[in-house]
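The lines below spell out each chain.
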Amino acid sequence: MRATKAIIYLDNFRENLGQVKKRAGPGRRICVPVKADAYGHGAVRIAETALAEGAYALGVATVGEGAELRRAGIRAPVLLFSQALGEELGELVSLDLTPFVSDPESIDMAGRAAALAGKTITAHLKIDTGMGRMGCRPEEAADLARRIGEHPRLLLGGTATHLAVSDSWEAEDRAYTKAQLGRFQEALSAMKAAGLDPGIIHAANSGALVFHEDALFDMVRPGIFLYGYSPAGGSPLEGELPVKPVMEVRSALALIKRVRKGESLSYGRTWTASEDTVAGVLPIGYADGLPRLLSNKHRVLIQGRFYPIVGRICMDQCLVNLGPGSTIPRWEEAVVFGPGAETAAGMARQLGTISYEITCGVNKRVPRIYQ
Ligand SMILES: *Cc1c(COP(=O)(O)O)cnc(C)c1O
């Protein structure tokens, strides 16, 4: 196996799921988003682990992601968060995926595909209450719910919305979330007044799970918390749920070498030794998911101490300054990020992005090892 690998601590995932369950309260269903290969952690193993712990459903973004779960023998409901193309609907129906629908055309297309296969499928109505992405306007919800209910091949299994700023503690953002939830409630009331059953009602992503108790409804869909990170990059929310990072990316020193004062390392000569020192080569680069923008900015953990990455991060390799007189041996392991070392959240902060992008960015060629 490669020196560079991602250890997936399933126990941490289970603990995080336990925290989510506790916060959601008894009787509430949990949908575990496993889109983007479970945020880089491996969709099948994460899905199996979540279902064994009592999760009700899984969430994916593409029909292909749903197919991977079904091929692995997973029978639980799989919600398809994004709109599929017409040509994908036959496969969607044969896989028994549950699409989000948000307009008459998407309802009719799903109904036709189901009829063609001689099957009935369940769809969830998606209402746009202020995220501004997929979803119908709240005032259209009742009519669309009726359209689904009247279709002989469709069942309305649920009604959902998605929140834009639920992870923010700012007063203005909290008010915006409240307004989103108000519009959602109005749409639900209109549906109920028209005698339509909205099915499983769900809205809460990770941020809402922690900060908006009135967003929990029948089911929650927290993703990033389950993988051990806060949805907000910022500080006040950190530690609100005691979750632990699930992924640890490791590599090993493939070469140790002496570097003399004045010598430069790697492309562009962005780092020059200011004294005689010892450097190590790690076979991990931006193609593995270690962002090149972290060149000269990141630290790896070796034998319990941090050492800086020096020079440009290359496609497949990078360099570490082990310091003058280092006695660290070749092949020693280095933790690039994970619990107890630099975290995806810290890397994201350096880069002006979110931890999601760091874990999703760990490339397929990095083997996942489950522990
Ligand atoms: C990704 C996603 C989620 C999970 O969001 P987190 O911020 O990771 O909790 C929930 N619902 C939908 C529709 C999503 O696309």
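Here, the structure is the one placed above.
Each chain has its residues counted from 1, running along the sequence as written. Only residues with pLDDT of at least 70 get local features here, since the model is predicted, and only at 80 or more are side-chain atom pairs given and counted; chain-wide, interface and lining totals rely on the full set of residues. Hydrogens and waters are ignored; side-chain quantities use all the structure's heavy atoms.

Engineer: Could you clarify how one ought to interpret the overall build of the protein in this entry?
Structural biologist: Only DSSP runs of H or I with at least four residues qualify as helices, and only runs of E with at least two residues qualify as strands; both kinds are numbered from the N terminus onward. The helix and strand inventory of the protein stands at 11 helices and 19 strands. Here the protein, with 371 residues, has 54% of them falling under the buried criterion. Residues count as neighbours in contact if any of their non-hydrogen atoms are within 4.5 Å of one another. Of the contacts made within the protein by residues no fewer than 6 positions apart, 68% connect residues no fewer than 24 positions apart. When the accessible surface of the protein is totalled, it reaches about 16,100 Å², and 50% of it is carbon and sulfur. One finds the centroid of the 43 positive side-chain charges in the protein at a distance of 6 Å from the centroid of its 40 negative side-chain charges. For each residue, the accessible area found with a 1.4 Å probe, counting protein chains only, is set against the maximum for its type, and the residue is called buried under 20%, exposed over 50%, and partly exposed in between. Using the Shrake-Rupley algorithm and a 1.4 Å probe, accessible areas are obtained, with residue cover drawn only from the displayed protein chains. When charges are counted, Lys and Arg are positive and Asp and Glu negative, with His and the chain ends excluded. For this purpose, a charge sits on NZ of Lys, CZ of Arg, CG of Asp or CD of Glu.

Engineer: What exactly am I supposed to notice about the packing of aromatic side chains here?
Structural biologist: Pairs of aromatic rings are described using the distance from one ring centre to the other and the angle between the two planes. A pair of Phe, Tyr and Trp rings is counted when the ring centres sit within 6.5 Å of each other, with Trp represented by its six-membered ring. The angle between the planes then sorts it: under 30 degrees is stacked, over 60 is edge-to-face, the rest tilted. Tallying each qualifying case throughout the model produces 6 aromatic pairs. Here Phe81 and Phe100 contribute two aromatic rings whose centre-to-centre distance is 5.4 Å and whose plane-to-plane angle is 40°, an arrangement assigned as tilted. Highlighted residues: Phe81 in the loop between β4 (78–80) and α5 (89–94) and Phe100 in strand β5 (residues 98–101), separated in sequence by 19 residues. Relative accessible area serves as the criterion here: at 7%, Phe100 is assigned to the buried category. Put simply, the rings of Phe13, Tyr39, Tyr227 and Tyr356 pair up and form one aromatic cluster. One cation-aromatic arrangement involves Arg29 over Tyr56; the distance from NZ or CZ to the ring centre is 4.3 Å. Should the NZ of a Lys or the CZ of an Arg lie within 6 Å of a ring centre and within 35 degrees of the ring normal, that charge is described as sitting over the ring. Lying across the ring of Phe306, Arg299 places its NZ or CZ 3.9 Å from the centre.

Engineer: I'm lost on unusual backbone geometry in this one. Help?
Structural biologist: Generally, phi is negative for residues other than glycine and the peptide bonds are trans, each holding for most cases. Notably, Ala38 is not glycine yet its phi reads approximately 55°, a positive angle. With respect to the secondary-structure elements, Ala38 resides in helix α2 (residues 35–39). The exposure class of Ala38 is buried, given its relative accessible area of 0%. A positive phi is found at Ser266, a non-glycine position, where the angle reads about 70°. With respect to the helices and strands, Ser266 occurs in the loop between β12 (264–265) and β13 (271–272).

Engineer: What's the story with the pattern of salt bridges in this structure? I'm lost.
Structural biologist: Between side chains of opposite charge, pairing is possible as soon as their charged atoms come close. Salt bridges are identified by distance alone: a Lys or Arg side-chain nitrogen within 4 Å of an Asp or Glu carboxyl oxygen. Under the criterion given, the structure shown has 16 salt bridges. Between Arg147 and Asp108 there is a salt bridge, with the nearest N and O atoms lying 2.7 Å from each other. Taken together, the positions of Arg147 in helix α7 (residues 141–150) and Asp108 in helix α6 (residues 104–116) put the pair 39 residues apart, joining distant regions of the chain. Notably, a salt bridge pairs Glu342 with Arg299, separated by 2.8 Å at the nearest N-O pair. With Glu342 in the loop between β18 (333–337) and α10 (344–351) and Arg299 in strand β15 (residues 299–302), this pair connects stretches of sequence that are 43 residues apart.

Engineer: Just to check I follow, could you spell out the environment of Lys5 for this structure?
Structural biologist: Here Lys5 lies in strand β1 (residues 5–8). By relative accessible area, Lys5 is classed as buried at 17%. For the pair formed by Lys5 and Ala61, sequence separation is 56 residues and the distance between their alpha carbons is 25 Å. Excluding residues within four positions of it along the chain, Lys5 makes contact with Glu248, Val249, Arg250, Glu333, Val366, Pro367 and Ile369.

Keep in mind these values describe shape, not function.
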